[in-house]
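Fold and geometry: a report
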Amino acid sequence: MIDLFSGLDAWVLVSLLLALTFVLAFEFINGFHDTANAVATVIYTKAMPPHLAVFFSGVFNFLGVLLGGVGVAYAIVHLLPVELLINVNTGHGLAMVFSLLAAAITWNLGTWYFGIPASSSHTLIGSILGVGLANALINDIPLGDGVNWQKAIDIAMSLVVSPMAGFAVAALVLIGLKWWRPLSKMHKTPDQRRKLDDKKHPPFWNRMVLVVSAMGVSFVHGSNDGQKGIGLIMLVLIGIVPAKFVLDLNSTTYQIERTRDATLHMSQFYQRNAATLGEFLALGKAKSSDLPEKFSCNPQQTEPTIAALQSSLQGVTDYHSLDADKRVEVRRYLLCLDDTAKKVGKLPGLEAREKADLEKLRKDLTATTEYAPFWVIVAVALALGLGTMVGWKRVVLTVGEKIGKQGMTYAQGMSAQITAACAIGMANVFALPVSTTHVLSSGVAGTMVANKSGLQGGTVKTILLAWVLTLPASMGLAAGLFWLASKAIG
């Protein structure tokens, strides 16, 4: 990590430290903003004392970040179009990072202050989209090219479908529990348990399930939301000190050979499918000299890009041997080839087996660009874990008492938490960012409906309003800040 600071101008060093502080502040805020949802049911039902619940939730968030990988991180990064990612410079990178982080932190703090279970995921994604669209307007780029819309649509679908699924599945789980054990004490609220049974805590097995499922939600939250922080830090590092982070400088010789072999096999793949892809890729027509001086990603230049990449990697066994400009160049080629391969995979006419082969080639191609240094993962894990341990009280009351017209029963808490843990865990498997807040809140609402408790209209309207407004508000904030920052540095 010490190498990070060597040879940097003073203003770049200060900017880098400030940007990293912003990201870690966002993750710290995310900890107490979102993780309150993970411990809300376990605290409200008195399955665990608050201080123990938030401590262990922080620990499991930490572990979730450490063990979660980087799939969701790069799903966030690739919301930005490949052209913006391959042509970013230090000033532009600073404007981009500070704008989206300032917008996300402002909205997160505002909704937390009012105790509204709003989504950090929506906030962050809206901020990234706002920067992408503002960049398109400033540089006269068509709005259709300002954002990676396919990735945005995939993420939007996961953000929309996951709360709906949480509502329905949690309701069904509760109905199943009521059918299985209709007279069980798990269907009591904490108040009823205290008044009727003179007991403070849930029955033993209910308590165990509540605790385990709460820690499960914390773990998958750490994995999903922690990766968003990792993606942000990688945007910061690549934007401000690209020479040191555009490629994984710790890549082994074998990993570099895999990358080089992937380009060769990709070329063979395209030739094998020339009848289908020839026109789209201009196979046999483009020459190496056709690559423009300012590199842009164009499927028609795939063959020259592959040739240029193979030439750049010829004989390379350690990325340290490449100078700074060459590393940036190699990354541009890799990102462009991956972007083109992604588009090719969606073309009609390719057999399913061929598409699967192309997907494997893409993984090998990006193995040394989609990474995160261990210190980045640990820093995000600490920020998220520590953030979990403060500020949770505002949201716990909202989730426990203000969604339904009566307090939450133990069975409702179990149903909502089990559903949330499974839903977010599945999203992690498919590298899709989802909102812990919305999945869990929707699950609680679903159990209230299934329990015929009814919903408190005011709270539900507030949550829905935050859900609807978060995306456009964060987009507008980030776009405005990016426009001002671009004018200042331009």
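Residues numbered from 1 in each chain as written. Predicted model: local features only at pLDDT ≥ 70, side-chain atom pairs only at ≥ 80, totals over all residues. Heavy atoms only, no water.

**Here's the deal with the overall build of the chain**
The number of helices and strands found in the chain is 21 helices and zero strands. For the chain, the residues scored as buried account for 54% of the 490 residues in total. The long-range fraction of contacts in the chain, counting pairs at least 24 apart against all pairs at least 6 apart in sequence, stands at 83%. When the accessible area of the chain is evaluated, it comes to approximately 20700 Å², of which 64% is carbon and sulfur surface. (Helix = DSSP H or I, 4+ residues; strand = E, 2+ residues; numbered from the N terminus. Buried < 20%, exposed > 50% of the residue type's maximum accessible area, 1.4 Å probe, protein only. Contact = heavy atoms within 4.5 Å. Areas by Shrake-Rupley, 256 points an atom, 1.4 Å probe, with all protein chains shown as cover.)

**What to know about the packing of helix α2 (residues 50-67) against helix α17 (residues 374-388)**
Where α2 contacts α17, the axes come no closer than 8 Å and their chain directions differ by 160 degrees. Our classification of the angle between α2 and α17 gives roughly antiparallel. Between α2 and α17 the crossing geometry is right-handed. Residue-level contacts link V54, S57, G58, N61, F62, V65 and L66 of α2 to F374, I377, V378, V380, A381, L382, L384, G385 and T388 of α17. Across the contact of α2 with α17, the residue classes break down as 11 nonpolar, five polar and no charged. (Axes fitted to C-alpha atoms, helices over the stretch in contact; angles between N-to-C directions. Parallel < 35°, antiparallel > 145°, perpendicular 65-115°, else oblique. Left-handed = near helix turned anticlockwise from the far one by under 90°. Nonpolar A, V, L, I, M, F, W, Y, C, P; charged D, E, K, R; others polar.)

**Quick look at a nonpolar patch on the surface**
Taken together, the side chains of F28, L52, F55, F56, V59, L63, L67, F219, L382, L386, M389 and V390 present a nonpolar region at the surface, about 950 Å² in accessible area. Among the secondary structure elements, those contributing two or more residues to the nonpolar patch are α2 and α17. Sorting elements by how many residues they give to the nonpolar patch places α2 first, with six residues. Turning to its location among the elements, F219 is positioned in helix α10 (residues 204-240). Classification of F219 as partly exposed rests on a relative accessible area of 30%. (Patch = residues over 30% accessible without salt bridge, like charges linked within 9 Å, V, L, I, M, F, W, Y side chains within 5 Å. Salt bridge = Lys/Arg side-chain N within 4 Å of Asp/Glu carboxyl O.)

**Digging into the environment of R260**
With respect to the helices and strands, the residue R260 is situated in helix α12 (residues 253-272). With 51 residues separating them along the chain, R260 and S311 place their C-alpha atoms 9.8 Å apart. Within polar-contact distance, the side chain of R260 engages the backbone oxygen of V316 at 3.2 Å. (Polar contact = N/O pair within 3.5 Å; in protein donor to acceptor, adjacent residues only side chain to side chain.)

**Examining helix α13 (residues 274-281)**
For α13, the set of buried residues is L277, G278 and L281. Viewed end-on, α13 has its buried residues packed into an arc of 130 degrees, placing them on one side of the element. Away from the buried face of α13 by more than 90 degrees, exposed residues A275 and E279 are located. Here the buried face of α13 lies against α12, α14 (302-313) and α15 (324-345). Of the residues one or two after α13, A282 is the one with positive phi, at around 55 degrees. (Arc of directions from axis to C-beta.)

**What about the nonpolar core?**
Core analysis: the biggest nonpolar cluster contains 89 residues, and I230, L237 and Y270 have the highest contact counts within it. For this core, the element with the highest residue contribution is helix α5 (residues 90-113), accounting for 10 residues. When neighbours within four sequence positions are excluded, Y270 is seen to be in contact with L277, L281, L283, T302, I306, T340, A341, V344 and L358. Core analysis: the second largest hydrophobic core is formed by 18 residues, I43, A47, A171 and M414 among them. (Core = buried A, V, L, I, M, F, W, Y, C linked by side-chain atoms within 4.5 Å.)

**What about the environment of G68?**
Mapped onto the fold, G68 is located in the loop between α2 and α3 (71-77). In this structure the C-alpha to C-alpha distance between G68 and Q227, which are 159 residues apart in sequence, comes to 7.3 Å. Leave out the neighbours within four places in its chain, and G68 touches S223 and Q227.

**Notes on the pattern of salt bridges**
If you walk through the whole model with that rule in mind, you get 10 salt bridges. Close ionic contact of D191 with R194 constitutes a salt bridge, the shortest N to O distance being 2.9 Å. In this pair, D191 and R194 both sit in helix α9 (residues 190-197), three residues apart, roughly one turn of the helix. Across the pair K326 and E329 runs a salt bridge, and its minimum N-O distance is 3.1 Å. Note that K326 and E329 are positioned in helix α15 at a spacing of three residues, about one turn of the helix.

**Comments concerning unusual backbone geometry**
Positive phi outside glycine occurs at K46, with the angle close to 60 degrees. Relative to the helices and strands, K46 resides in the loop between α1 (10-44) and α2. Taking the relative accessible area as the measure of exposure, K46 reaches 31% and is therefore partly exposed.

**A few points about the packing of α13 against α15**
Between two packed helices, what matters for the description is the angle formed by their axes and the separation of those axes. Direction vectors running N to C along α13 and α15 enclose 130 degrees, while the axes themselves pass 12 Å from each other. With respect to their mutual orientation, α13 and α15 come out oblique. When you trace α13 past α15, the crossing you get is right-handed. Between α13 and α15, the contacting residues are L277, F280 and L281 on the first element and T340, K343 and V344 on the second. Tallied by class, the residues present in the contact of α13 with α15 amount to four nonpolar, one polar and one charged.

**Examining α12**
Taking 1.5 Å per residue, 20 residues should reach 28 Å; α12 reaches 28 Å between its end C-alpha atoms and fits that length. Every buried residue belonging to α12 is among I256, T259, R260, A262, T263, M266, F269 and Y270, and all of these are buried. Where α12 is buried, its residues meet α13, α14, α15 and α16 (352-365). (Expected span 1.5 Å × (residues − 1).)

**Regarding the side chain of Q417**
As for its position among the elements, Q417 is in helix α19 (residues 410-429). On the basis of relative accessible area, Q417 is assigned to the buried category, the value being 0%. The residues touching Q417, leaving out its near neighbours within four places in the chain, are A38, T41, V42, L210, S213, A214, V217 and L440.

**What to know about the packing of aromatic side chains**
By the definition in use, this model includes four aromatic pairs. When the centroid spacing of 5.3 Å and the interplanar angle of 90 degrees are considered together, the rings of F22 and F98 count as edge-to-face. Note that F22 is positioned in helix α1 and F98 in helix α5, a separation of 76 residues in sequence. When its relative accessible area of 27% is taken as the criterion, F22 is described as partly exposed. Their ring planes at 75 degrees and their centres at 5.3 Å tell us that F55 and F56 sit as a pair that is edge-to-face. Of the residues examined, F55 reaches a relative accessible area of 41% and is grouped as partly exposed. (Phe/Tyr/Trp six-rings, centres within 6.5 Å; stacked < 30°, edge-to-face > 60°.)

**Focus on the confidence of the model for the chain**
Regions with low pLDDT should not have their predicted coordinates read in detail. Residues with a pLDDT of 70 or more make up 89% of the chain, whose mean pLDDT is 83. Here helix α18 (residues 393-402) stands out as the element of the chain with the lowest mean pLDDT, 53, in contrast to α12, whose mean of 93 is the highest. (pLDDT = per-residue confidence, 0-100.)

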